[in-house]
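Inside the fold
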There are 2 protein chains.
Amino acid sequence: MEIPLPAGSLSTPEAVSIVEMLPRDGFQRLDRFVPTEKKVELINQLSQTGVDEIEFTSFTHPKAVPTLKDADAVAQQIDRNPDVCYRALVPNLRGMERAVEAEVDKVNALVTVSETYSQNNQRMSTDEIVAGIHDIVELAHDHDILVEAGMGTSFYCPYEGRIPMEQTLAVVDGVVAAGVDEVTLATTMGLANPLQIAETFTAVFERYPDLDVGLHLHDTNGMSLANTLTAMQCGVDRFDSSVCGLGGGVVLPDGMGGVGNTPTEDLVHMLTAMGIAVTADFDRVEETAHIVKDELDLGPTSHVLMGGTPERVLEHVRADKEGSQ
Amino acid sequence: MEIPLPAGSLSTPEAVSIVEMLPRDGFQRLDRFVPTEKKVELINQLSQTGVDEIEFTSFTHPKAVPTLKDADAVAQQIDRNPDVCYRALVPNLRGMERAVEAEVDKVNALVTVSETYSQNNQRMSTDEIVAGIHDIVELAHDHDILVEAGMGTSFYCPYEGRIPMEQTLAVVDGVVAAGVDEVTLATTMGLANPLQIAETFTAVFERYPDLDVGLHLHDTNGMSLANTLTAMQCGVDRFDSSVCGLGGGVVLPDGMGGVGNTPTEDLVHMLTAMGIAVTADFDRVEETAHIVKDELDLGPTSHVLMGGTPERVLEHVRADKEGSQ
């Protein structure tokens, strides 16, 4: 069967940028509040891994997302690495105002493609959310803050099931018309497959060949690295991921725990192994994954954490051999 | 960067065939002996999932692989579905003689590319193993049995690390010259990445455009579905996998447990979602995965078992909603 990749798409991007989502998507989904000073400590740690960008908090109403109620304090207390772009999620203009106060570099203006999801999550229609983006862009650009539209439920919705591609493209049209600087499609449910990824991004690039397009992957179905590969072949060169895979859909099945995003360490492992340039340093990302796992008392939630790299496997084999001699 | 896929490789195969490895690779690696009648029961169950082929046992010396010491009895007792190809692993001519007795349809003649691995595992050089394939092919073809050369350590070796591609290609040359009907490259360590997969299969197809080539994926690094996708784009249309992911490398790091192969249910899920024709029926494979998990008392070892499909996620969301009303 034909995967409808655009002509010339046999190559992957020379370089890929990575957005670390742990402090927002990860901490948000945790069943407990991570104390502010611990958040600051871990964000400072993440600022040293070489990732291009960190979504470090969300300026949401404290009652809506109590795990991130300390967003303003976190913004004040973190050490900002000049090589890192500090991004925050904003669900509305009030959030954007707080983001200006916090002097962020970029905001993730949240939009959801699914009508039912928009109503359930934000008590607005998708059109109303998209209309609100205009004001967010205006305020952001007045303060030299970049705006990325993070498009939730671009592929599947927990209430509506599969989202027709035309519906996703219509929202891309809306946010582009609103003047956002970047668009990121998100697999909120983690159920997208490589064909759907290829079809969607091919269509997006046909409409907007020069648009800065990223992908935010949850991994409910285990296809996130395959989806990454396909998206790269379509020309996508910016990926969200989270150390230890922490974060992901709000309505994941039992047993999938807090694990939901592509683990940053697994993503950087694959890209580095493939010779694709990433500023993130694999060794530092791996070390940080172990720190986060220990600090947050997580199980092994990624293949890298389980020792699934050539270095760790060969070490393991050598140690075993010595042990048995 | 360029992934060196051959021209015209934007399409994936129309149809893909799947070889179920649970009864050999899975049972072999288990830390306990699965009683013969239980093996037979589970193989009979697997024969109804629609998979094209089942590697149902290994005719290895009982002392070398005690978990499969009942190979001959298993061969006698299973119900053979005429739509399924029953394949067995044979490490040498003695194994091939037993496979003839057992009236198998195909054998997996094991070869290992890594010199150190060959010496450690079979106490022979790789050349000696390849030379032995000639006799296996002769005996097999005398009895209308197909021969597939299963090439272990085609990408990484637990002792030597990364295997240079030329070394793998030389073994492909050797087994093709020996007259095998098919070749399967195996990621014994589960450490191959999509670029290595693309480079290797492109080179194989350049030498042998019409060769029947398959891929046996272990998943130590989590890249097995990405590797599957890349291999399909190179033209590979036969994949080994194991229900519940059971099986995999002999020297996996702690914490990776018995999980090592691509889970059949995750593979069939991806292929089916992408509209690629497989004879395996997803619903029956999913059901069988749950049976195997329960019978062998495994944890959830695949994304499908954790409920990572659109159907299960939507069910879960609906149930949650009803529960909260």
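Going by the structure above, here's the rest.
Everything numeric here is computed off the predicted structure, so don't read it as measured data.

**Regarding the overall build of chain A**
Of regular secondary structure, chain A possesses twelve helices and ten strands. Computed over its C-alpha atoms, the radius of gyration of chain A comes to 19 Å, within 12% of the 20 Å expected for a compact globule of 325 residues. The burial tally for chain A puts 64% of its 325 residues in the buried class.

**Topic: the side chain of N261 of chain B**
All names here are of chain B. You can see N261 is positioned in the loop between β10 (238–241) and α10 (264–273). For N261, the side chain forms a polar contact with the side chain of D25, separated by 3.1 Å. There is a polar contact of 3.0 Å between the side chain of N261 and the side chain of H218. Other than its neighbours up to four places away in sequence, N261 contacts M21, D25, H216, L217, H218, D219, S242, G245, L246, G247 and G248.

**Remarks on the environment of N81 of chain B**
All names here are of chain B. Following the sequence through the fold, N81 ends up in the loop between α3 (71–77) and β3 (85–90). Each C-alpha atom, one on N81 and one on N44, is 8.4 Å from the other, the two residues being 37 residues apart in sequence. In this structure, N81 is in contact with S47, Q48 and Y86, ignoring residues within four places of it in sequence.

**A word on the environment of E115 of chain A**
Residues and elements named next belong to chain A. In this structure, E115 sits in helix α5 (residues 115–122). Separated by 83 residues in sequence, E115 and A198 place their C-alpha atoms 23 Å apart. Apart from residues no more than four positions distant in its own chain, E115 is found in contact with S125, T126, E160 and Q167.

**Considering the sheet that holds strand β2 (residues 53–58) of chain A**
Residues and elements named next belong to chain A. Strand order in the closed barrel made by the eight strands is β1-β2-β3-β4-β5-β8-β9-β10, with parallel pairing throughout. Ignoring strand direction, the axes of neighbouring strands in this sheet form an average angle of 25°. Pairing of strand β5 (residues 146–152) with strand β8 (residues 182–187) involves four bridges; the strand directions are parallel. Along β8, the bridge assignment pairs E148 with E182. Contacts from helix α1 (residues 22–29) reach β1 (17–20), β2, β3 (85–90), β4 (106–112), β9 (213–217) and β10 (238–241) within the one sheet, and its direction differs from that of β2 by about 40°.

**Description of the pairing of β1 of chain A**
All names here are of chain A. In the sheet, β1 pairs with β10 via four bridges, with the strands oriented parallel. The residue bridging I18 from the neighbouring strand is F239, located in β10. Note: β1 against β2, two bridges, orientation parallel. For E20, the partnering residue across the bridge sits in β2 and is I54.

**Things to note about unusual backbone geometry**
Residue and element names in this part refer to chain A. At R123, a position not held by glycine, the phi torsion is positive, near 50°. Among the structural elements, R123 can be located in the loop between α5 and α6 (126–142). Assessed through its relative accessible area of 72%, R123 is described here as exposed. Positive phi values are uncommon outside glycine, yet D297 reaches one of about 55°. Looking at the secondary structure, you find D297 in the loop between α11 (282–295) and α12 (310–323). The exposure class of D297 is exposed, given its relative accessible area of 70%.

**A short note on a negative patch on the surface**
All names here are of chain A. Negative charge collects at one region of the surface, where E115, D127, E128 and E160 lie side by side. Looking at the secondary structure, you find E128 in helix α6. Residue class for E128 comes out partly exposed when judged on its relative accessible area of 46%.

**Describing the packing of α1 of chain A against helix α2 (residues 36–46) of chain A**
All names here are of chain A. Where α1 meets α2, the closest approach of the two axes is 11 Å, and the angle between their N-to-C directions is 140°. Here α1 runs over α2; the crossing is right-handed. Contact residues: α1 offers L22, P23 and F27, while α2 offers K39, L42, I43 and L46. Broken down by class, the residue content of the contact of α1 with α2 amounts to six nonpolar, no polar and one charged.

**So, the pairing of strand β2 (residues 53–58) of chain B**
The two faces of a sheet get side chains in turn, since along a regular strand they alternate between them. All names here are of chain B. The element β2 is extensively covered by neighbouring structure, given that six of its six residues are classed as buried. The sheet contact formed by β2 and β3 spans five bridges and is parallel. Its bridge partner being in β3, S58 is matched across the sheet by L89. In the classification by handedness, the crossover that spans β2, the intervening α3 and the parallel β3 is right-handed.

**Observations regarding the sheet that holds β10 of chain B**
Residues and elements named next belong to chain B. One closed barrel holds the eight strands; their spatial order is β1-β2-β3-β4-β5-β8-β9-β10, and the pairing between them is parallel. Across this sheet, the average inter-strand angle for adjacent strands is 25°, counted without regard to direction. Set on the sheet, helix α8 (residues 194–207) makes contact with β8 (182–187) and β9 (213–217); between it and β9 the angle comes to about 155°.

**Digging into the environment of A99 of chain B**
Residues and elements named next belong to chain B. Tracing the sequence through the fold places A99 in helix α4 (residues 93–101). Between the alpha carbons of A99 and A71 there is a distance of 9.4 Å; along the sequence they are 28 residues apart. In this structure A99 touches F59, V90, V104, V107 and I145, once residues within four positions along its chain are discounted.

**With respect to the packing of aromatic side chains**
According to the stated counting rule, one finds four aromatic pairs over all chains in the structure shown. Above the plane of the ring of F33 of chain A lies K69 of chain A, whose end atom (NZ or CZ) is 4.9 Å from the centre.

**Digging into helix α4 (residues 93–101) of chain A**
All names here are of chain A. Along α4, the residues classified as buried are G95, M96, R98, A99 and V100. Each element contacted by the buried residues of α4 is listed here: α3 (71–77), β3, β4 and α6. Of the residues flanking the end of α4, it is E103, one or two places downstream, whose phi is positive at about 55°.

Cut-offs applied
- Residues numbered from 1 in each chain as written.
- Chains lettered and ligands numbered in written order.
- Predicted model: local features only at pLDDT ≥ 70, side-chain atom pairs only at ≥ 80, totals over all residues.
- Heavy atoms only, no water.
- Helix = DSSP H or I, 4+ residues; strand = E, 2+ residues; numbered from the N terminus.
- Rg over C-alpha atoms; globule rule 2.2 N^0.38 Å.
- Buried < 20%, exposed > 50% of the residue type's maximum accessible area, 1.4 Å probe, protein only.
- Polar contact = N/O pair within 3.5 Å; in protein donor to acceptor, adjacent residues only side chain to side chain.
- Contact = heavy atoms within 4.5 Å.
- Pairing = 2+ DSSP bridges.
- Axes fitted to C-alpha atoms, helices over the stretch in contact; angles between N-to-C directions.
- Patch = residues over 30% accessible without salt bridge, like charges linked within 9 Å, V, L, I, M, F, W, Y side chains within 5 Å.
- Areas by Shrake-Rupley, 256 points an atom, 1.4 Å probe, with all protein chains shown as cover.
- Salt bridge = Lys/Arg side-chain N within 4 Å of Asp/Glu carboxyl O.
- Lys, Arg positive; Asp, Glu negative; His and termini not counted.
- Charge placed at Lys NZ, Arg CZ, Asp CG, Glu CD.
- Left-handed = near helix turned anticlockwise from the far one by under 90°.
- Nonpolar A, V, L, I, M, F, W, Y, C, P; charged D, E, K, R; others polar.
- Right-handed = clockwise from strand over helix to strand, strands pointing away.
- Phe/Tyr/Trp six-rings, centres within 6.5 Å; stacked < 30°, edge-to-face > 60°.
- Lys NZ or Arg CZ within 6 Å of the ring centre and 35° of its normal.

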